[in-house]
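Below are the chains, spelled out letter by letter.
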Amino acid sequence: MTKLKRAFLITVFVLSSLLSMTALSASLKVIVNASVEENHLKLKDLRSIYTMKKNLWSNGDRIAVFVLSDDNATHKEFCRKLLKVFPRQLESVWYRLVYSGTGEKPVSVNSEKEMIELVTNTPGAIGYIQSESLHEETKVISIK
Amino acid sequence: MKKQKLFRLSSILLLLFSDSLFADQNEWFQRNSWNAFVSQTAIYSSDYNFLSQSDDRLSFDLWEAGLLVSTAVKNKLTFSAQVLGRKVSESSGNDLRIDYAFFSYPLYQTVNDTFGLRLGRIRSSYGLYNETRDIPHTRTGIVMPQSMYFDMTRNTFYSADGIELFGYRDFDDRRLSAQIFFSKPVADEDETGEVASLNPTNLKGDKSLLAKISYGSEYDGFRTSFTYYRPEYKVDVSFPVGMMTVVDNDASFYSESMITSLEYNQFDWSVTTEYLRHKFSTNMPALGGVPGLQAKNIGYEESFYIQGLYRFSEQWESYVRYDSTERHVNRALLDNEKWHDINFGGSYRPSENWLVRAEVHYIEGLARILSRDNVTSSAQDPYWTAAMFQIAYKW
């Protein structure tokens, strides 16, 4: 009986942890500047944008990519849950471009507040947040 | 006078790279970035000097530092340059050189396709890792696989002055890319010490061709590439043959590499393998008149490495690699014609900028140690070990 109780408690704990993680992922939003025509992106396109391969929107405008700093919890969540990559791997891809002189890394910002401000004010910008306080000119796009 | 020049240069650079002065996307010098890295390695090796004076002692000789600047000169025209300082050999000393400095311009660009050209001193992008081989944060391990990314002649084969045409098409997050690079190699006279018995002088790059095609993703699933690389050089040599000394001021040589690369990446692990077929040809017309000798000589070697990497967490990684090179000869291989290196190590990244690594090598053969830092004989042990520790920082 004690073993059954322990197994039940462990199961409840694991399930609740998984549910809370899903809830955390669900609150992650990909945001773009109002000038961006796209209303949704394929996950592969998002990965292509964040590995700095895809650098033009469908209307030909340049994509300005913003990221939170490496140790930010939202950044880790974005990399691991959405892009399915360790932040360090993503960073290695950026630095291969930078140090070969063939590409750029994203612009790093210090907070979600700064992220919202910069995405709102930079044409063609893309970023991500978890907070609810969105600027009215910032657009949330869905990822399929 | 020097201070005035420095001040003038600093002022010009400050003006050119000041974002605030040029806020419009169509203006000059946008999206400027400066990056730098520095690394210091400690090496202890059992019988030979390995990338430092490390034979039976702890050596701190090996260091590397790089400074990179990149800017969008005007609209889509970009410029990138890197200065690299490093020391791997006592005889070569502290080396400071412009690794690359080139302009890049996309002649045709759509959402999925790009075709463009680069002009200037450009890195020879052979294999998966040559372009970023010196930055600890972008490679696996302290030492690159020496079978393919040899440090004994790194500078001579590393970058070249010329024009590169490149193009790519994106298929979602996979990229098909191709490039062809016509150039004049940048020769490094210090590295001629690897063939010291020929007393080489006046080494000059002649012409070079590099062609590469690749496909895949750098962090999810497969990526593969094939590279053809043939740099040619001219050199003056003088060496003894019997009782006489042969002097040839019209000697030349070329190195022809064909590299096939394959890598598979998953969230927490990666496997990489590359295979190199290397042809090395020398032409010394003066030998044509010497009985029993011929002007043209050709040698081949085959190299490959296979490497596995496991990511325990965002901070910790571990890797293991087998690295092999063998000359093609119709007899038993001499010690300096083979290189079999089993190595493993781990890395720790306490923060975005810092990196700490330690690794151990168990090696059979001498084919990739620096001849200019080692005196070897057939009586020496071809089995030896090396242990190393590295600390690196990037900005």
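Residues numbered from 1 in each chain as written. Chains lettered and ligands numbered in written order. Predicted model: local features only at pLDDT ≥ 70, side-chain atom pairs only at ≥ 80, totals over all residues.

Peer 1: How would you summarise the overall build of chain A if you had to cite specific residues and measurements?
Peer 2: Helices and strands together make up the secondary structure of chain A, namely 5 helices and 6 strands. For chain A, the α and β elements follow one another from N to C terminus as α-β-β-α-β-α-α-β-α-β-β. Counting the 144 residues in chain A, one finds 38% classified as buried. Across chain A, contacts joining residues at least 24 apart in sequence account for 62% of those joining residues at least 6 apart. (Helix = DSSP H or I, 4+ residues; strand = E, 2+ residues; numbered from the N terminus. Buried ≥ 20, exposed ≤ 12 C-beta atoms within 10 Å, placed from the backbone. Contact = placed C-beta atoms within 7 Å.)

Peer 1: Run through the interface of chain A and chain B, naming residues and quoting values.
Peer 2: Across the contact, 25 residues belong to chain A and 27 residues belong to chain B. Counting residues per element, the side of chain A that touches chain B draws most heavily on helix α4 (residues 87-99) of chain A, which supplies 9 residues. Class assignment of the residues belonging to the side of chain A that touches chain B gives a composition of 8 nonpolar, 7 polar and 10 charged. (Nonpolar A, V, L, I, M, F, W, Y, C, P; charged D, E, K, R; others polar.)

Peer 1: Account for the sheet that holds strand β4 (residues 107-109) of chain A, naming residues and giving values.
Peer 2: Residue and element names in this part refer to chain A. Here we have 6 strands laid out as an open sheet, ordered β2-β6-β1-β5-β3-β4, and mixed in their pairing. Either end of the sheet is taken by a strand with one partner, and the two such strands are β2 (40-41) and β4. Where β2 lies against strand β6 (residues 139-143), 2 bridges are found, and the strand directions are parallel. Along β6, the bridge assignment pairs His40 with Ser142. (Pairing = 2+ DSSP bridges.)

Peer 1: Please set out the nonpolar core residue by residue, giving values where relevant.
Peer 2: With 42 residues, the main nonpolar core has B:Ile43, B:Phe50 and B:Leu51 as its most contacted residues. Counting residues per element, this core draws most heavily on strand β10 (residues 221-241) of chain B, which supplies 4 residues. (Core = buried A, V, L, I, M, F, W, Y, C linked by C-beta atoms within 7 Å.)

Peer 1: Go over the environment of A:Glu37, please, and point to the residues and values.
Peer 2: Structurally, A:Glu37 is set in the loop between β1 (29-32) and β2. Spatially, the C-alpha atom of A:Glu37 lies 10.0 Å from that of A:Lys139, the residues being 102 residues apart in sequence.

Peer 1: Go over unusual backbone geometry with me, naming the residues and quoting the values.
Peer 2: The residue A:Met52 is not glycine, and still its phi comes out positive at about 65°. Along the chain, A:Met52 turns up in the loop between α2 (43-50) and β3 (64-68). On the basis of neighbour count, A:Met52 is assigned to the buried category, with 20 C-beta atoms found within 10 Å. Look at B:Asn75: it is not a glycine, yet its phi comes out positive at around 50°. Turning to its location among the elements, B:Asn75 is positioned in the loop between β3 (63-74) and β4 (77-87).

Peer 1: Summarise the pairing of strand β15 (residues 338-348) of chain B; cite the residues concerned and give the values.
Peer 2: Residue and element names in this part refer to chain B. Of the two faces of β15, only one is covered, namely that formed by Trp339, Asp341, Asn343, Gly345 and Ser347; the face formed by Lys338, His340, Ile342, Phe344, Gly346 and Tyr348 stays uncovered. As paired elements, strand β14 (residues 316-327) and β15 share 11 bridges and run antiparallel to each other. Along β15, the bridge assignment pairs Tyr319 with Gly345. Note that β15 and strand β16 (residues 354-364) share 9 bridges and pair antiparallel. The residue bridging His340 from the neighbouring strand is Glu364, located in β16. Remark: 5 residues form the turn of the hairpin made by β15 and β16, two consecutive strands paired antiparallel.

Peer 1: Just give me the short version of α2(A), but keep the residues and values in it.
Peer 2: Counting buried positions along α2(A) yields 6 of 8 residues, so the element is predominantly enclosed. Positive phi appears at A:Met52, one or two residues downstream of α2(A), with a value of about 65°.

Peer 1: Mind laying out helix α3 (residues 73-83) of chain A, listing which residues take part and the relevant values?
Peer 2: Three or four residues apart is the spacing at which side chains of an α-helix point the same way, because the helix has 3.6 residues per turn. Residues and elements named next belong to chain A. For α3, the full list of buried residues reads Thr74, Phe78, Cys79 and Leu83. End-on view of α3: buried residues confined to an arc of 135°, all on one side of the axis. Residues of α3 that are buried sit in contact with α2, β3, α4, α5 (112-121) and β5 (125-129). Phi turns positive, to about 60°, at Lys84, one or two residues after α3. (Arc of directions from axis to C-beta.)

Peer 1: Residues and numbers for the confidence of the model for chain A, please.
Peer 2: Reading predicted coordinates in detail is not appropriate for stretches of low pLDDT. Residues and elements named next belong to chain A. Of all residues in chain A, 78% attain a pLDDT of 70 or more, and the chain-wide mean is 80. Of all secondary-structure elements in chain A, the lowest mean pLDDT belongs to helix α1 (residues 2-26), at 51, while β3 reaches the highest, 93. Under a pLDDT of 50 for its full length, residues 13-24 has, in the predicted model, 1 contact with residues more than four places off or in other chains. (pLDDT = per-residue confidence, 0-100.)

Peer 1: How would you summarise the confidence of the model for chain B if you had to cite specific residues and measurements?
Peer 2: All names here are of chain B. Residue-level pLDDT values for chain B average 85, and 92% of them are 70 or greater. Across chain B, β16 holds the top mean pLDDT of 96, while helix α1 (residues 2-16) sits lowest at 43. In the model, residues 1-24 has pLDDT below 50 throughout and makes 10 contacts with residues more than four positions away in sequence or in other chains. Under the prediction, the complex receives an ipTM of 0.75, its pTM being 0.81.

Peer 1: Which residues make up the pairing of strand β6 (residues 113-123) of chain B, and what values go with them?
Peer 2: A regular strand carries its side chains on alternate faces of the sheet. All names here are of chain B. Across 8 bridges, strand β5 (residues 95-109) lies against β6 in antiparallel orientation. Bridge assignment links Pro106 to a residue of β6, and that residue is Gly116. Linking β5 to β6, which pair antiparallel, is a turn of 3 residues. Bridge count for β6 against strand β7 (residues 159-171) is 11 bridges, and the pairing is antiparallel. By the bridge assignment for β7, Arg121 is matched with Asp161.

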